[in-house]
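Observations on the three-dimensional arrangement
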Amino acid sequence: MELGLAFDDEDLEENTKKSKTNQLVSYNAKFCPPKWYEDADINDNDSAAQILKYRGDHSYIKKEYAAAIDHYEEAFGRLPANNKGMRREMKECQTRSYVALQQHKQALELAYQLKDDASTPDQHFQSLVLLTYVQEAAQDWPEFEESVKQLICCHPDSGNLWRRLSQCYWHRQHNQGTPEYYKLLTCLVRSRLVYSSVRRSVGMFVAERNESYLKQIGQQISDLNASDELIQKAKQFLSHDMSKVEQHEGGDNSVQKQMDVKDFDKRWYSWADELLPT
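Definitions and limits used
- Residues numbered from 1 in each chain as written.
- Predicted model: local features only at pLDDT ≥ 70, side-chain atom pairs only at ≥ 80, totals over all residues.
- Heavy atoms only, no water.
- Helix = DSSP H or I, 4+ residues; strand = E, 2+ residues; numbered from the N terminus.
- Expected span 1.5 Å × (residues − 1).
- Buried < 20%, exposed > 50% of the residue type's maximum accessible area, 1.4 Å probe, protein only.
- Contact = heavy atoms within 4.5 Å.
- Axes fitted to C-alpha atoms, helices over the stretch in contact; angles between N-to-C directions.
- Parallel < 35°, antiparallel > 145°, perpendicular 65-115°, else oblique.
- Left-handed = near helix turned anticlockwise from the far one by under 90°.
- pLDDT = per-residue confidence, 0-100.
- Phe/Tyr/Trp six-rings, centres within 6.5 Å; stacked < 30°, edge-to-face > 60°.
- Lys NZ or Arg CZ within 6 Å of the ring centre and 35° of its normal.
- 1 Å grid on protein atoms, 1.4 Å probe; cavity = no way out; pocket = protein on both sides within 12 Å on 5 of 7 lines; lining within 4 Å.
- Points joined across faces, edges and corners; volume = space filled by probe spheres on them.
- Nonpolar A, V, L, I, M, F, W, Y, C, P; charged D, E, K, R; others polar.
- Salt bridge = Lys/Arg side-chain N within 4 Å of Asp/Glu carboxyl O.

1. With respect to helix α6 (residues 121–138)
Across its 18 residues, α6 extends 26 Å between first and last C-alpha, which sits within 8% of the 26 Å expected from 1.5 Å per residue. The set of residues buried in α6 consists of Ser127, Leu128, Leu130, Leu131, Thr132, Val134 and Gln135. Turning to α6, the residues buried within the fold contact α4 (84–100), α5 (104–117), α7 (141–154) and α8 (159–170). The first or second residue beyond α6 is Gln139, which carries a positive phi of 55 degrees.

Now the structure itself:
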């Protein structure tokens, strides 16, 4: 049966001509000399914000933090309202600049703004990371404790977060038998368990860092003069809970999503309830 699919020579010639017409042509790439943004024209509103951000980034790298803050502030005035991503990025840089200048009040204001303005889970988590960085620098331990607890609710298997949380209780009265004593011991034991569990699954650099943390944690536990029986009791509870988290993770972090910071103490510190004075 004739389908009428035969091609004439003219058809092939026409396709060849079209393919040649559509071929890409070479062009000269734009060349930018080093630090071109320092002398660049910022009268063009379309590129002014980006140029000012480059200046701020360069000042930050040079540890000229006051200049960096000024560049970022000027960039805000030239940035379109819908460019929220760049706005957040520059606010984070400003926050870290204020911390470097030990201007913690201004840094905290910006960090809380970023947290309140977060619109996605990733932004919320990253804003909490930044907030804890500022709170730790400002030694605002009560607020630092609450922020780190929120982070742990997202990632209960982070040894670093548990290690950081322990700092709150080191800076308080943690005499033996007090709630702070058991909270401190919980954080240290939990952190040691997590670091120990990943010994064989991390690279050399991380492994060396973790070993350093393990030695530090071991010394801190020793300084608490906790009995072997008490440490074993904490270890049994915390390792059992950690294994349950691992079993239920399943790739979607379902357990982490169920965790609520208001139940934090009951979830993690309840092993010591019977040891506290009534």
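2. Digging into the packing of α4 against α5
Look at α4 against α5: their axes get within 8 Å of each other, and the N-to-C directions meet at 155 degrees. Our classification of the angle between α4 and α5 gives roughly antiparallel. Of the two possible hands of crossing, α4 and α5 adopt the one that is left-handed. Seen from α4, the contacting residues are Arg88, Lys91, Glu92, Gln94, Thr95, Tyr98 and Val99; seen from α5, they are His104, Gln106, Ala107, Leu110, Ala111, Gln113, Leu114 and Asp117.

3. Re α8
Structural remark: α-helix, 3.6 residues per turn; residues separated by three or four positions point the same way. Under the 1.5 Å per step criterion, the end-to-end length of α8 is 17 Å for 12 residues, consistent within 8% with the ideal 16 Å. Within the sequence span of α8, burial applies to Gly159, Leu161, Trp162, Arg163, Arg164, Leu165, Ser166, Gln167, Cys168 and Tyr169. Buried positions along α8 lie against α6, α7, α9 (179–197), α10 (204–223) and α13 (264–269).

4. Considerations on the confidence of the model for the protein chain
Interpreting fine coordinate detail is not advised for predicted regions of low pLDDT. Of all residues in the protein chain, 82% have pLDDT values of 70 or greater, and the mean over the chain is 85. Mean pLDDT across the elements of the protein chain bottoms out in helix α12 (residues 254–258) (41) and peaks in α5 (97).

5. Some points on the packing of aromatic side chains
Applying the stated rule across the entire model yields 10 aromatic pairs. Note on Tyr60 and Tyr65: the rings are 5.4 Å apart at their centroids and 75 degrees apart in plane angle, and the pair reads as edge-to-face. Residue Tyr60 is classed as partly exposed on the basis of its relative accessible area, which comes to 27%. On the basis of relative accessibility, which here comes to 17%, the residue Tyr65 falls in the buried class. Here Trp141 and Phe144 contribute two aromatic rings whose centre-to-centre distance is 5.5 Å and whose plane-to-plane angle is 85 degrees, an arrangement assigned as edge-to-face. Of this pair, Trp141 and Phe144 both sit in helix α7, three residues apart, which is roughly one turn of that helix. Pair check on accessibility: Trp141 and Phe144 agree, each one buried. Among the aromatic side chains, those forming a connected cluster through ring pairs are Trp162, Tyr169, Phe264, Trp268 and Tyr269. The ring of Tyr213 has Arg163 sitting right over it, with the charged end atom 3.8 Å from the ring centre. Above the face of the Trp268 ring, Arg267 is positioned so that its terminal group lies 5.2 Å from the ring centre.

6. Quick word on the layout of surface pockets
When its volume is computed, the second largest pocket comes out at roughly 160 Å³. It is α4 that provides the largest number of residues to the lining of the second largest pocket, a total of four residues. The residue makeup of the lining of the second largest pocket, split by class, is two nonpolar, three polar and five charged.

7. Quick look at unusual backbone geometry
Its identity is not glycine, yet Gln102 carries a phi of approximately 60 degrees, on the positive side. Among the structural elements, Gln102 can be located in the loop between α4 and α5. Backbone geometry places Gln139, a non-glycine residue, at a positive phi of 55 degrees. Here Gln139 shows up in the loop between α6 and α7. Judged by its relative accessible area of 55%, Gln139 falls in the exposed class.

8. Description of the pattern of salt bridges
For the structure on display, the rule yields nine salt bridges. The salt bridge involving Lys62 is made with Glu64; its shortest N-O contact spans 3.5 Å. Owing to a relative accessible area of 37%, Glu64 belongs among the partly exposed residues under this scheme. Between Lys233 and Glu274 there is a salt bridge, with its nearest N and O atoms 3.3 Å apart. Of this pair, Lys233 sits in helix α11 (residues 228–249) while Glu274 is found in the segment after α13, placing the two residues 41 residues apart along the sequence. Residues joined by salt bridges that share partners form a network here, namely Glu145, Lys149, Arg172, Lys183 and Asp265.

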